[in-house]
Amino acid sequence: MTEITLEVNGVTKALDVEPRRLLADVLRQEFDLSGVHIGCAHGACGCCTVHLDETPRLSCLTFAVQCDGSSIKTVEAMGGPSADHLLQQAFKSEHGLQCGYCTPGFIMTLVPFVDEMIASRRMPENDEIREAMSGNICRCTGYHGIVAAVRKAIESGLGENA
Ligand code: FES
Ligand code: FES
């Protein structure tokens, strides 16, 4: 066992983990964060994406011991206490989800992209959006609603900051 300290969604916790334990399993089992979904467990689907020190990372390909001392954010901490992130709101209004299994992964992958576009005051082409989410698989939506949600979130952010 190895003792590590993780800051997860603002809460710091020390825990003993086996070196082979995956970050996805530790987040689900030790932190009760069931929004970390596991689809393929080998880096193909993107369902398990979280932010590790503010960068999207596949938690099924990351050992928990590699994250000692790091800050991790999961979909449970997206948005604020009273309102979802603009992208979460847009997923609802633009039908960006059906069963929802892939949704946490898409949100965690695309929030930095949306934030970057809003900060640079730019609306990307659809192909650029598709490229940004190319590491995530959705088996239900056909992706059109997800692309529309990204455009809507950026549009809303640009309107708010006009
Ligand atoms: S569960 Fe991690 S990429 Fe599929
Ligand atoms: S909404 Fe079902 S897999 Fe994407």
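Here is what the cut-offs are and how they apply
- Residues numbered from 1 in each chain as written.
- Chains lettered and ligands numbered in written order.
- Predicted model: local features only at pLDDT ≥ 70, side-chain atom pairs only at ≥ 80, totals over all residues.
- Heavy atoms only, no water.
- Helix = DSSP H or I, 4+ residues; strand = E, 2+ residues; numbered from the N terminus.
- Domains from an automatic or database assignment.
- Contact = heavy atoms within 4.5 Å.
- Buried area = accessible area lost by both parts, 1.4 Å probe.
- Polar contact = N/O pair within 3.5 Å; in protein donor to acceptor, adjacent residues only side chain to side chain.
- Core = buried A, V, L, I, M, F, W, Y, C linked by side-chain atoms within 4.5 Å.
- Buried < 20%, exposed > 50% of the residue type's maximum accessible area, 1.4 Å probe, protein only.
- Salt bridge = Lys/Arg side-chain N within 4 Å of Asp/Glu carboxyl O.
- Pairing = 2+ DSSP bridges.
- Axes fitted to C-alpha atoms, helices over the stretch in contact; angles between N-to-C directions.

Caption draft 1: The arrangement of unusual backbone geometry in detail. Even without glycine at this site, N9 takes up a positive phi of about 50°. Looking at where N9 falls in the secondary structure, it is placed in the loop between β1 (2–8) and β2 (11–17). Of note, the phi angle at E54 is positive, near 70°, even though the residue is not glycine. Here E54 shows up in the loop between β3 (49–52) and β4 (55–58).

Caption draft 2: Molecular detail of the domain arrangement of the chain. Here the chain is partitioned into domain 1 (2–74) and domain 2 (86–160). Placing a centre on the C-alpha atoms of domain 1 and another on those of domain 2 gives a separation of 23 Å. Every contact between the two is made by 14 residues of domain 1 and, on the other side, 11 residues of domain 2. Overall, the association of domain 1 and domain 2 removes approximately 1000 Å² of surface from exposure, summing both partners, and the carbon and sulfur fraction of that is 60%. On inspection of domain 1 and its partner domain 2, the count reaches five residue pairs in polar contact (both at pLDDT 80 or more). In terms of residues, the side of domain 1 that touches domain 2 owes the most to one element, β3, which gives three residues.

Caption draft 3: Geometry of the nonpolar core. Core analysis: the largest hydrophobic core is formed by 28 residues, its most contacted members being L87, F106, I107, L110, V150 and I154. Counting only elements with at least two residues in this core, the list comes to α2 (86–93), α3 (103–119) and α5 (144–160). Among the elements that line this core, the one with the most residues is α3, at nine residues. Contact partners of L110, with chain neighbours within four places excluded, come to L87, A132, M133, I146 and V150.

Caption draft 4: Main features of the pattern of salt bridges. One pass over the full model with this rule turns up four salt bridges. E30 is paired through a salt bridge with R21; the nearest N and O atoms lie 2.9 Å apart. Note on E30: relative accessible area 32%, which makes it partly exposed. Notably, a salt bridge pairs K92 with D84, separated by 2.7 Å at the nearest N-O pair.

Caption draft 5: Region of interest: the environment of T141. Considering the arrangement of structural elements, one finds T141 in the loop between α4 (126–132) and α5. Classification of T141 as buried rests on a relative accessible area of 14%. Taking the C-alpha atoms as reference points, T141 and V65, 76 residues apart in sequence, are found 35 Å from one another. Other than its neighbours up to four places away in sequence, T141 contacts G96, L97, Q98 and I146.

Caption draft 6: Representation of α2 in the model. Those residues of α2 not exposed but buried are L86, L87, Q88, A90 and F91. Positive backbone phi, approximately 60°, marks H95, located one or two places after α2.

Caption draft 7: Structural detail: the sheet that holds β3. What the five strands build is an open sheet, ordered β2-β1-β5-β3-β4; its pairing is mixed. Here the strands that pair on one side only, and so sit at the sheet edges, are β2 and β4. Here the strands of the sheet are splayed against their neighbours by 40° on average, with no regard to which way each runs. Where β3 and β4 come together, four bridges link them in antiparallel fashion.

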